[in-house]
Amino acid sequence: QGEPVPLLSYVRGRLGQGAAPAPTRGALRFPVSDEVYARADAVLAGTGALRWEPGARRAQGRLTGEPLGASPAVPFFCLTGAGAVWVAGPADRWMALRLVDDVLYVREDRVLAFEGALSWESGSVKDSDVPMLQFRGRGVLALEVPRDPLAVEVRGDAPTLVSAARLFGWVGRLVPHAAIGGRTPFQLVCEGEGIVLLEAAG
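The rules behind these values
Residues numbered from 1 in each chain as written. Predicted model: local features only at pLDDT ≥ 70, side-chain atom pairs only at ≥ 80, totals over all residues. Heavy atoms only, no water. Helix = DSSP H or I, 4+ residues; strand = E, 2+ residues; numbered from the N terminus. Salt bridge = Lys/Arg side-chain N within 4 Å of Asp/Glu carboxyl O. Buried < 20%, exposed > 50% of the residue type's maximum accessible area, 1.4 Å probe, protein only. Core = buried A, V, L, I, M, F, W, Y, C linked by side-chain atoms within 4.5 Å. Contact = heavy atoms within 4.5 Å.

1. Let's talk about unusual backbone geometry
(1) Moving on: Here the phi dihedral of Asp92 falls at roughly 60°; this positive angle occurs in a residue that is not glycine.
(2) Moving on: Tracing the chain through its elements places Asp92 in the loop between strand 7 (76-87) and strand 8 (94-107).

Laid out in structure tokens, this is it:
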């Protein structure tokens, strides 16, 4: 069974500030006592008296009625009741992370499952159509991770240009937004202080 890796350990490993955690192997068990959100293609098994309802996006603390998930073909479920669910992602391509009063922004289509104990919101990169989910607080989530993730530190005095197609997520006080004007191969600008995570391999 997989064990969650602290978010900061994952990020520091990608920056070369320690050993990079290996992808999670096996499956991850999510106990269900409050809520758990899980993507249909990540669910392996469920036990107990669980209720499976369609997952909906959340904005400003309220459910919007829009389906959660980047594709109707792989919907999210909101699980409530008492029991447990096991999830896993593609072999060597997924990771269970633990947030401890952290804030993480990640592409919606890379999220496999998460505990409802985490505070979360749906959104997108400013002035773009890249759907994102924001997670904060304490709890566990499972992500489909890049084959060769790249972490780039962003400083306040040096905005960083990135490819929208390769954006995986970010941590810290970053404000990514659409790049305007100029002849570059980049679509997004990251400003502020933090670390942007990119998918180096397509």
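2. Section: the pattern of salt bridges
(1) Moving on: Evaluated as defined, the whole model comprises ten salt bridges.
(2) Moving on: Arg39 serves as the salt-bridge partner of Asp41, at 2.7 Å between the closest nitrogen and oxygen.
(3) Moving on: Residue Asp41 is classed as partly exposed on the basis of its relative accessible area of 46%.
(4) Moving on: Exposure remark for Arg39: the relative accessible area of 9% places this residue in the buried category.

3. Looking at the nonpolar core
(1) Moving on: If you look at the biggest cluster of nonpolar residues, it comprises 27 residues, and the most contacted ones within it are Leu97, Leu104, Val111, Phe114, Phe135, Leu141 and Leu143.
(2) Moving on: Looking at this core, the elements with two or more residues in it are helix 1 (7-14), strand 7, strand 8, strand 9 (111-115), strand 11 (131-144), strand 14 (167-178) and strand 15 (188-199).
(3) Moving on: Leaving out residues up to four positions away in the same chain, Phe114 has contacts with Phe30, Val36, Tyr37, Leu68, Phe76, Trp120, Phe135, Val140 and Leu141.
(4) Moving on: In this structure, Leu28, Ala38, Ala96 and Ala113 belong to the second largest nonpolar core, which totals 18 residues.

Purely spatial values, then, with no claim about function.
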